[in-house]
Number of protein chains: 2
Amino acid sequence: MEKSNKGVQLVGFWVSPFVHRVKWGMKLKGIEFEYIEEDVFNRSPLLSQINPVTGKVPVLVHDGNPLPESSIILEYLDEVWSHAPLLPLDAYQRAQARFWATFADQKVFESAWLSVCSKGEIQEKAVKDAIGHLERMEEQQGGRRFFGGDTIGHVDLMMGFVAYMLPVWEEVAAVTILDASKFPNLAAWKSNFVDHPAIKGDLPFKDEMFTYFQGRREVHLQRI
Amino acid sequence: MEKSNKGVQLVGFWVSPFVHRVKWGMKLKGIEFEYIEEDVFNRSPLLSQINPVTGKVPVLVHDGNPLPESSIILEYLDEVWSHAPLLPLDAYQRAQARFWATFADQKVFESAWLSVCSKGEIQEKAVKDAIGHLERMEEQQGGRRFFGGDTIGHVDLMMGFVAYMLPVWEEVAAVTILDASKFPNLAAWKSNFVDHPAIKGDLPFKDEMFTYFQGRREVHLQRI
């Protein structure tokens, strides 16, 4: 960050769903930021310097202070730019939102991603697990416009990859996880999410994602 | 929770390090609560009712509202009973505390626990990983009384298992992870932690932990 120690920078990678969460959060709050694209397969000295522990993106740099981890960054944005809150204001509702955000981030993400990186029995189990986790999210979604009600918020951003990236993963891995006829709430939510003004204009192109994840799948299958 | 819908109940299991985090948090804040011991190997209908998603302890029940997951419960306690704060008040310091709390909860815990549940090469790698993660925590600890400075707080509670339970795990698994000569900051912190008035009187007995974890190790080794 030698160029500038002031303002907000986001170090990211074009296809990372974790980076997009932070971009969306800043867009929703109207925070101006400089975006710095990182090559995660050939990490820059900058990334090693601002995130020595995990070396992963996203990293938010605010007035020279670096902060990694998308969920922690989103909470930080919500505390520093407290207008247009992402988390509910009620303490119990906040806690529940954190629970479901973590569930989406860990359970849903990990099982769905494993289905992209595997085949045979492991893939079958990953698909089954992902469907089971989505059944929980379907129930939790409850038919509202967004997870927290009429307004897009923390859980939506953490689940966002399901709306625009999971369909690409399903195609790449030749599996069906989110069957719209079995997940009517999530199917409707997907449309509400990708049509939201803060989300719509800033998603990676589908064919570029397809090519990228096809390549990742091949790499992972070679490692099995 | 048919008996009472008011007040605070904690559903736990005597040896769970996650449950202890919540107990400590409530003790530090002076919150009165009813403790309900759960048999996690033969889950009660109560537990299935208040935590249908993961079925795990701890579950906090506040005025009839159930909430699982120790780190989420600690944040909830900090918001509802805001005196004697566990997290720093400064937003950037809070975010950093969340980062290290998650690191302790995931990286340190998972590698150290794997060393108890494994042998041979897997165990060797788990020990190596755990030492590597503790090197990060050693640096982060920085020689202060507690992770956040003079006062015990969120990161200390999330790391607490390292202070009183890791020595038992090391003995059960016949490994050395936290060599005091290589981790002077963490060694001093361990004493500060277990000597704290809120911690001291409410730890499981060492011999009971040893017997319990010896049994768990045997069960896990049979599954390999």
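Here the structure is a predicted model, which means the values were calculated and not measured.

How each quantity is defined
- Residues numbered from 1 in each chain as written.
- Chains lettered and ligands numbered in written order.
- Predicted model: local features only at pLDDT ≥ 70, side-chain atom pairs only at ≥ 80, totals over all residues.
- Heavy atoms only, no water.
- Helix = DSSP H or I, 4+ residues; strand = E, 2+ residues; numbered from the N terminus.
- Rg over C-alpha atoms; globule rule 2.2 N^0.38 Å.
- Buried < 20%, exposed > 50% of the residue type's maximum accessible area, 1.4 Å probe, protein only.
- UniProt positions renumbered as here; feature names shortened; annotations may be inferred.
- Phe/Tyr/Trp six-rings, centres within 6.5 Å; stacked < 30°, edge-to-face > 60°.
- Lys NZ or Arg CZ within 6 Å of the ring centre and 35° of its normal.
- Pairing = 2+ DSSP bridges.
- Axes fitted to C-alpha atoms, helices over the stretch in contact; angles between N-to-C directions.
- Polar contact = N/O pair within 3.5 Å; in protein donor to acceptor, adjacent residues only side chain to side chain.
- Salt bridge = Lys/Arg side-chain N within 4 Å of Asp/Glu carboxyl O.
- Contact = heavy atoms within 4.5 Å.
- Parallel < 35°, antiparallel > 145°, perpendicular 65-115°, else oblique.
- Left-handed = near helix turned anticlockwise from the far one by under 90°.
- Nonpolar A, V, L, I, M, F, W, Y, C, P; charged D, E, K, R; others polar.
- Buried area = accessible area lost by both parts, 1.4 Å probe.

Just to check I follow, could you spell out the overall build of chain A for this structure?
Along chain A, the regular secondary structure elements total ten helices and four strands. Its C-alpha atoms give chain A a radius of gyration of 18 Å, within 12% of the compact-globule value 17 Å for 224 residues. The principal-axis extent of the C-alpha atoms belonging to chain A is close to 50 × 45 × 30 Å. Burial analysis of chain A (224 residues in total) assigns 52% to the buried set.

Would you mind going over the UniProt feature "domain: GST C-terminal" (unreviewed entry) in chain A with me for this structure?
Here, the residues flagged by UniProt with the feature "domain: GST C-terminal" (unreviewed entry) are residues 90-213 of chain A. The span residues 90-213 of chain A shows a helical share of 73% and a strand share of 0%, and its end C-alpha atoms are spaced 39 Å apart.

Looking at this structure, I do not really get the packing of aromatic side chains. What am I missing?
Think of a pair of aromatic rings as described by two things: how far the centres are apart, and how the planes are tilted against each other in angle. Applying the stated criterion across every chain yields a total of 40 aromatic pairs over all chains. Here the aromatic rings of Phe13 of chain B and Phe41 of chain B are separated by 6.0 Å at their centres, their planes lie at 80°, and the arrangement is edge-to-face. With Phe13 of chain B in the loop between β1 (8-12) and α1 (17-29) and Phe41 of chain B in the loop between β2 (34-37) and α2 (45-50), this pair connects stretches of sequence that are 28 residues apart. Within the aromatic cluster, the residues linked to one another by ring pairs are Phe13, Trp14, Phe18, Phe41, Phe109, Trp113, Phe161, Trp169, Tyr212 and Phe213 of chain A. Geometry around Tyr35 of chain A places Lys23 of chain A over its ring, the cationic atom sitting 4.2 Å from the centre.

Just checking my understanding: could you explain the sheet that holds strand β3 (residues 59-62) of chain A for this structure?
Backbone hydrogen bonds hold the strands of a sheet together, and the pairing may be parallel or antiparallel. Residues and elements named next belong to chain A. Strand order in the open sheet made by the four strands is β2-β1-β3-β4, with mixed pairing throughout. A single partner strand is all that each edge strand has here, and the edge strands are β2 (34-37) and β4 (65-68). Sheet twist, expressed as the average angle between the axes of neighbouring strands with direction ignored, equals 20°.

Can you walk me through the side chain of Ser70 of chain B in this structure?
All names here are of chain B. Structurally, the position occupied by Ser70 is in helix α3 (residues 70-80). Overall, the relative accessible area of 6% leaves Ser70 in the buried class. Of the polar contacts made by the side chain of Ser70, one reaches the side chain of Arg21; its length is 2.9 Å.

Got a minute to help me understand the pattern of salt bridges in this structure?
Side chains that carry opposite charge are capable of pairing whenever their charged atoms lie near each other. Under the counting rule described, the total for this entry stands at 20 salt bridges over all chains. One salt bridge connects Arg98 of chain B with Glu75 of chain A, and the closest N-O pair in it is separated by 3.5 Å. Taken as a pair, Arg98 of chain B in helix α4 (residues 91-116) and Glu75 of chain A in helix α3 (residues 70-80) lie in two separate chains rather than in one. For Glu75 of chain A, a relative accessible area of 7% puts it in the buried group. Taken together, the shared-partner salt bridges in this structure form one network comprising Glu75, Glu79, Arg94 and Arg98 of chain A together with Glu75, Glu79, Arg94 and Arg98 of chain B.

Can you walk me through the sheet that holds strand β4 (residues 65-68) of chain B in this structure?
All names here are of chain B. Strand order in the open sheet formed by four strands is β2-β1-β3-β4, and the pairing between neighbours is mixed. The open sheet has two edge strands, β2 and β4, and neither has a second partner. Across the sheet, the mean angle from the axis of one strand to that of its neighbour is 20°, orientation sign disregarded. In the sheet, β1 pairs with strand β3 (residues 59-62) via four bridges, with the strands oriented antiparallel. Following the sheet pairing, Gln9 is matched in β3 by Val61. Along the sheet face, α1 touches β1, β2 and β3 and points at about 155° away from the line of β1.

Just checking my understanding: could you explain the packing of α3 of chain A against α4 of chain B for this structure?
Helix packing for two helices is described by the angle between their axes and how far apart those axes are. One can describe the packing of α3 of chain A onto α4 of chain B by two numbers: an axis separation of 10 Å at closest approach and a directional angle of 160°. With respect to α4 of chain B, the axis of α3 of chain A lies roughly antiparallel. Taken as a pair, α3 of chain A and α4 of chain B cross one another with a handedness that is right-handed. Residues Ile72, Glu75, Tyr76, Glu79 and Val80 of chain A of α3 of chain A form the contact with α4 of chain B, whose own contacting residues are Ala91, Tyr92, Arg94, Ala95, Arg98, Phe99 and Thr102 of chain B. Class assignment for the residues of the contact of α3 of chain A with α4 of chain B results in seven nonpolar, one polar and four charged.

I would appreciate a short explanation of unusual backbone geometry in the present structure.
What you tend to see is this: most non-glycine residues have negative phi, and most peptide bonds are trans. Residues and elements named next belong to chain A. The residue after Val57, namely Pro58, is reached through a cis peptide bond having omega 0°. With phi around 45°, Ala84 is a residue other than glycine that occupies positive phi space. Positionally, Ala84 belongs in the loop between α3 and α4 (91-116). Taking the relative accessible area as the measure of exposure, Ala84 reaches 39% and is therefore partly exposed. Even without glycine at this site, Ala174 takes up a positive phi of about 55°. Topologically, Ala174 is positioned in the loop between α7 (166-173) and α8 (184-194). Given the relative accessible area of 72%, Ala174 is considered exposed.

What's the story with the interface of chain A and chain B in this structure? I'm lost.
Size of an interface, as often reported, equals the accessible area lost when the parts are brought together. Every contact between the two is made by 25 residues of chain A and, on the other side, 25 residues of chain B. Here chain A packs against chain B, burying approximately 2200 Å² in sum over the two surfaces, 68% of which is carbon and sulfur. Ranking the residues of chain A by area buried against chain B places Val53, Tyr92 and Phe99 of chain A at the top, with a combined share of 29%. There are nine residue pairs in polar contact (both at pLDDT 80 or more) connecting chain A and chain B. For the side of chain A that touches chain B, the leading source of residues is α4 of chain A, giving eleven residues. Residue composition of the side of chain A that touches chain B, grouped by class: 14 nonpolar, five polar and six charged.

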